[in-house]
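# Results of the structural survey
One letter stands for each residue in the lines below.
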Amino acid sequence: MAWMAWTWPTAIFFMVIAALLAIFTILAIKFPETPRRGVLRIETTRGDRLFITLLGSAFINLAWLGIMGPGTQPWALAVCLAYAAAVFRWV
Amino acid sequence: MNKTLNNKAWFLVLPVLVLVAFSAVIPLMTVVNYSVQDTFGNNQFFWAGLEWFQEMLHEDRMWNALQRQLLFSAIILAIEVPLGVIVALNMPKSGIWSSFCLVVMSLPLLIPWNVVGTIWQIFGRVDIGLLGHTLAAMGIDYNYTQNVVDAWVTIIVMDVWHWTSLVALLAFAGLKSIPDAYYQAARIDQASRWKVFRYIELPKMSGVLMIAVLLRFMDSFMIYTEPFVVTGGGPGNATTLLSIDLVKMALGQFDLGPAAAFSLMYFLVILAISWVFYTVMTNLDKKGM
């Protein structure tokens with residue numbers, strides 16, 4: 001695996017995403033749901049909301065990095081968590 | 001009656017998963033790893049953190065390439081979609097001429113990208129190309145290697161030539177699926193040609209047109225070979241689209257870290273736009289359009 005140039009931070013990043021996917025798969029099997037319509041007026045399932053959260057978080061992190069610089073990046077994660085809560089509540 | 005649930009069928013998608021993992025997921029993970037490190041070759045890497053992302057976010061080069069890319073995609077969509085619909089509306093609906101038109105329309109789609117680029121590269125040359133020579137003979141000062149507008153016109157016309165057929169074929173398929181009863185009803189109501197198009201053909205075609213827009217947008221947003229073969233990104237950087245710039249950075253300069261950060265941002269933009277298109281399409285389907 002040396003050719004993939006792994007680092008611990010990137011490994012943890014992918015492990016978190018894999019864990020999230022696993023958790024949401026188990027949730028979908030244990031607690032089946034019907035899609036709902038939120039503020040975006042589109043039907044979403046939990047998986048869709050997770051995707052919207054992850055994609056939006058990537059853009060939030062990039063915007064934070066571009067505007068605020070790298071020193072305060074953990075705060076971008078705090079914004080992402082608030083964004084995730086909002087997506088799961090209202091989308 | 002109770003349905004028998006058997007989730008073992010999920011194992012049937014395993015081969016696809018393995019294939020996608022090898023061809024897409026693992027390479028993408030490697031790009032993520034590269035984006036936070038620096039290398040001087042020899043498979044030795046040094047931690048760089050978010051440096052490359054920050055550098056690329058403040059790099060005019062990437063923003064300029066993105067602007068050119070968006071402009072290119074917007075122009076070719078604005079031309080190819082209406083033109084494809086017009087072509088489809090004018091194609092014979094049945095008989096031998098219909099088959100003939102379908103074959104002729106498919107021809108540009110069968111030509112490999114680099115061959116299309118080479119065809120247009122020669123076609124546009126003033127010394128030996130038919131187009132360039134004819135324009136020069138008409139007194140039009142045309143030179144795609146030196147003039148920015150000429151270079152843009154050439155790559156746009158080339159793309160329109162190559163891909164309008166796809167839109168036309170999709171639109172034609174959409175038109176063929178409209179039952180005759182709709183046209184008969186329109187005739188009874190004495191609907192004009194425009195109204196038949198606006199209220200029958202266009203709504204019935206909207207599904208396939210959405211697919212056409214999605215396909216053409218994604219393809220044009222990732223275009224590399226054709227403009228690279230024709231203009232090489234020039235004159236200057238005038239036709240350096242995103243992927244041309246990315247290849248220059250990754251392979252030409254061997255700046256793997258910045259190129260990886262660049263390609264991840266490129267990927268995110270594509271992912272976001274595809275998601276929007278996909279969501280719009282599936283919602284249109286649910287509304288029964």
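Reading guide: rules and limits
- Residues numbered from 1 in each chain as written.
- Chains lettered and ligands numbered in written order.
- Predicted model: local features only at pLDDT ≥ 70, side-chain atom pairs only at ≥ 80, totals over all residues.
- Heavy atoms only, no water.
- Helix = DSSP H or I, 4+ residues; strand = E, 2+ residues; numbered from the N terminus.
- Buried < 20%, exposed > 50% of the residue type's maximum accessible area, 1.4 Å probe, protein only.
- Areas by Shrake-Rupley, 256 points an atom, 1.4 Å probe, with all protein chains shown as cover.
- Lys, Arg positive; Asp, Glu negative; His and termini not counted.
- Charge placed at Lys NZ, Arg CZ, Asp CG, Glu CD.
- Contact = heavy atoms within 4.5 Å.
- Buried area = accessible area lost by both parts, 1.4 Å probe.
- Salt bridge = Lys/Arg side-chain N within 4 Å of Asp/Glu carboxyl O.
- Polar contact = N/O pair within 3.5 Å; in protein donor to acceptor, adjacent residues only side chain to side chain.
- Nonpolar A, V, L, I, M, F, W, Y, C, P; charged D, E, K, R; others polar.
- Core = buried A, V, L, I, M, F, W, Y, C linked by side-chain atoms within 4.5 Å.

This part takes up the overall build of chain B. When you go through chain B residue by residue, the secondary structure sums to twelve helices and two strands. Each helix and strand of chain B, ordered N terminal to C terminal, gives the series α-β-β-α-α-α-α-α-α-α-α-α-α-α. For chain B, the proportion of its 289 residues judged to be buried stands at 42%. About 16,200 Å² of surface is accessible on chain B, with carbon and sulfur atoms providing 68% of the total. Across chain B, the centroid of the 16 positively charged side chains sits 18 Å from that of the 18 negatively charged ones.

This next bit is on the interface of chain A and chain B. The partner chain B presents 25 residues to the 25 residues of chain A that form the contact. Of the roughly 2,200 Å² buried at the junction of chain A and chain B (both faces included), carbon and sulfur atoms supply 77%. The largest per-residue losses of area from chain A upon contact with chain B belong to Met4(A), Leu62(A) and Leu65(A), which jointly make up 22% of the total buried on that side. Along the contact surface separating chain A from chain B lie zero salt bridges. Across the contact surface, chain A and chain B share four residue pairs in polar contact (both at pLDDT 80 or more). Looking at the side of chain A that touches chain B, the elements with two or more residues in it are helix 1 (8-30) and helix 2 (46-68) of chain A. Broken down by element, the residue count for the side of chain A that touches chain B peaks at eight residues, all from helix 2 of chain A. Of the residues assigned to the side of chain A that touches chain B, the class counts are 17 nonpolar, five polar and three charged.

One finds Phe53(B), Met56(B), Met205(B), Phe221(B), Leu242(B), Phe262(B) and Met265(B) to be the most contacted residues of the largest nonpolar core, which totals 53 residues. Contacts of Met265(B), omitting those with residues within four sequence positions, involve Leu62(A), Phe53(B), Met56(B), Leu57(B) and Met62(B). In terms of nonpolar packing, the next biggest core, distinct from the first, is built from 16 residues, Phe72(B), Met158(B), Val230(B) and Ala238(B) among them.

Note on placement: Ser192(B) falls in the loop between helix 8 (180-188) and helix 9 (193-221). A C-alpha to C-alpha distance of 35 Å links Ser192(B) and Val276(B), two positions 84 residues apart in sequence.

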